[in-house]
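Below, each chain spelled out in residue letters.
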Amino acid sequence: MEKRLLIIDGLNLIRRLYAALESEQDITRRIERTQSVSIDALMKLIKQIIPSHIVVVFDASGQTWRHKIFPEYKLGRVPMDDALLDALPDFAKVFRYNRIPCLRLAGWEADDLIATLAVKAANQGVKSYIVSTDKGFTQLLDNENILQYDYFAKLGYDKVWIPAKYGVQATQLTDYWALVGDTTNRIPGVKGIGPKTALSMMETHSTIESIYQHSDTFSERIQGMLAGNYEQCLLSRQLVSLKVDVEIGVRLSQLAYQPV
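Residues numbered from 1 in each chain as written. Predicted model: local features only at pLDDT ≥ 70, side-chain atom pairs only at ≥ 80, totals over all residues. Heavy atoms only, no water.

**Observations regarding the overall build of the protein**
Here is step 1: Tallying secondary structure elements over the protein gives eleven helices and six strands in all.
Here is step 2: With the C-alpha coordinates of the protein rotated into their principal frame, the extents come out at 65 × 45 × 30 Å.
Here is step 3: Taking all 260 residues of the protein together, 48% fall into the buried category.
Here is step 4: For the protein, the share of sequence-separated contacts (at least 6 apart) that also reach a separation of at least 24 residues comes to 70%.
Here is step 5: Accessible area for the protein stands at about 13300 Å²; split by element, carbon and sulfur atoms hold 50% of it.
Here is step 6: Mean positive and mean negative side-chain charge positions of the protein (30 and 30 charges, respectively) differ by 5 Å. (Helix = DSSP H or I, 4+ residues; strand = E, 2+ residues; numbered from the N terminus. Buried < 20%, exposed > 50% of the residue type's maximum accessible area, 1.4 Å probe, protein only. Contact = heavy atoms within 4.5 Å. Areas by Shrake-Rupley, 256 points an atom, 1.4 Å probe, with all protein chains shown as cover. Lys, Arg positive; Asp, Glu negative; His and termini not counted. Charge placed at Lys NZ, Arg CZ, Asp CG, Glu CD.)

Okay, structure coming up:
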């Protein structure tokens, strides 16, 4: 049997399922229903992907390395309902009861843990399927053993999809986002540079360093926008880049899926 690692972005899945049940006025009942539909979703994914290994990854509470170097990171995002936040440990218990391993590591966002798991598994020849609507994971898709799946849109993404969507290769996405910014996470780009301008610049110079080294080849308007923003671009690229070398301390064998 081909080894397949199914990695679920826990909060990404749960929050969207919870939001879909907003008509439920009883908060306790809403949490219970969200747990139920979450399990249903996981079972559907297991039936579809047929994984040999599986894990649901959660964010840790508190600040991460991104907040330390950029305090405005994710500032202003709509906070999670307190009731749902308090119930997250119960979600993990329900998942584990159904023999689905869960992972959470203090000081780390789920994104970095997911990226590390996917890359390490993929480099061992294990096909990794990341279930999330978060566009940040698309930067990993240059590795043909890593795929992303949007459970809600029922769409899968691979390295071929990236240029059609963004106009650049997967390996260029972090530089592209450093120029245009990432509004979801409140990461700034260069003021005045949108997708069209960024793509025109990256046709000849694919990295931030190259763009600034050859800034005199661009129009005066673009030179004016770039001026004084080099360090900010480097910081933004660092913020949007996923860590793939987190010391998680979990072996692939510990994530083996054993159906009830």
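**Concerning the pairing of strand E5 (residues 146-150)**
Two faces, one strand: in a regular strand the side chains alternate between the faces of the sheet.
Here is step 1: Counting buried positions over the five residues of E5 gives four, a clear majority of the element.
Here is step 2: With three bridges joining them, E5 and strand E6 (residues 155-157) adopt antiparallel strand pairing. The residue of E6 that forms the bridge with Gln148 is Tyr157.
Here is step 3: Adjacent in sequence and paired antiparallel, E5 and E6 are bridged by four residues, among which Lys154 carries a positive phi angle near 60°. (Pairing = 2+ DSSP bridges.)

**As for the sheet that holds E5**
Here is step 1: With mixed pairing, six strands are arranged side by side in an open sheet as E3-E2-E1-E4-E5-E6. In this open sheet, the two strands that pair with only one neighbour each are strand E3 (102-103) and E6.
Here is step 2: Bridge analysis of strand E1 (residues 4-9) against strand E2 (residues 53-57) gives five bridges, and the strand direction is parallel. Directly across from Asp9, in E2, lies its bridge partner Val57.
Here is step 3: Contacts from helix H2 (residues 27-49) reach E1, E2, strand E4 (127-131) and E5 within the one sheet, and its direction differs from that of E1 by about 155°. (Axes fitted to C-alpha atoms, helices over the stretch in contact; angles between N-to-C directions.)

**A closer look at the packing of H2 against helix H4 (residues 82-97)**
Here is step 1: It is at 10 Å that the axes of H2 and H4 come closest, and there the two elements cross at 40°. The angle between the axes of H2 and H4 places the two elements in the oblique class. Remark: the crossing between H2 and H4 carries right-handed chirality. Contacts between H2 and H4 involve Ile27, Ile31, Thr34, Gln35, Ser38, Ile39 and Leu42 from the first element and Ala83, Leu84, Ala87, Asp90, Phe91, Val94 and Phe95 from the second. (Parallel < 35°, antiparallel > 145°, perpendicular 65-115°, else oblique. Left-handed = near helix turned anticlockwise from the far one by under 90°.)

**Remarks on unusual backbone geometry**
Here is step 1: The backbone of Ile50 shows a phi angle near 55°, a positive value even though the residue is not glycine.
Here is step 2: Inspection of the secondary structure assignment puts Ile50 in the loop between H2 and E2.
Here is step 3: Even without a glycine there, the phi angle at Lys154 is positive, about 60°.
Here is step 4: With respect to the helices and strands, Lys154 occurs in the loop between E5 and E6.

**Notes on the pairing of E2**
Here is step 1: E2 sits mainly inside the fold: five of its five residues count as buried.
Here is step 2: Neither face of E2 is open: one carries His53, Val55 and Val57, the other Ile54 and Val56, and all of them are buried.
Here is step 3: In the sheet, E2 pairs with E3 via two bridges, with the strands oriented parallel. Paired with Val57 across the two strands is Leu103, which belongs to E3.

**Quick notes on the packing of aromatic side chains**
Here is step 1: Using the criterion set out here, one finds eight aromatic pairs in the structure.
Here is step 2: Centre to centre, the rings of Phe91 and Phe95 are 6.3 Å apart; their planes meet at 65°, and the pair counts as edge-to-face. Of this pair, Phe91 and Phe95 both sit in helix H4, four residues apart, which is roughly one turn of the helix. With respect to burial, Phe91 and Phe95 carry one shared label: buried. (Phe/Tyr/Trp six-rings, centres within 6.5 Å; stacked < 30°, edge-to-face > 60°.)

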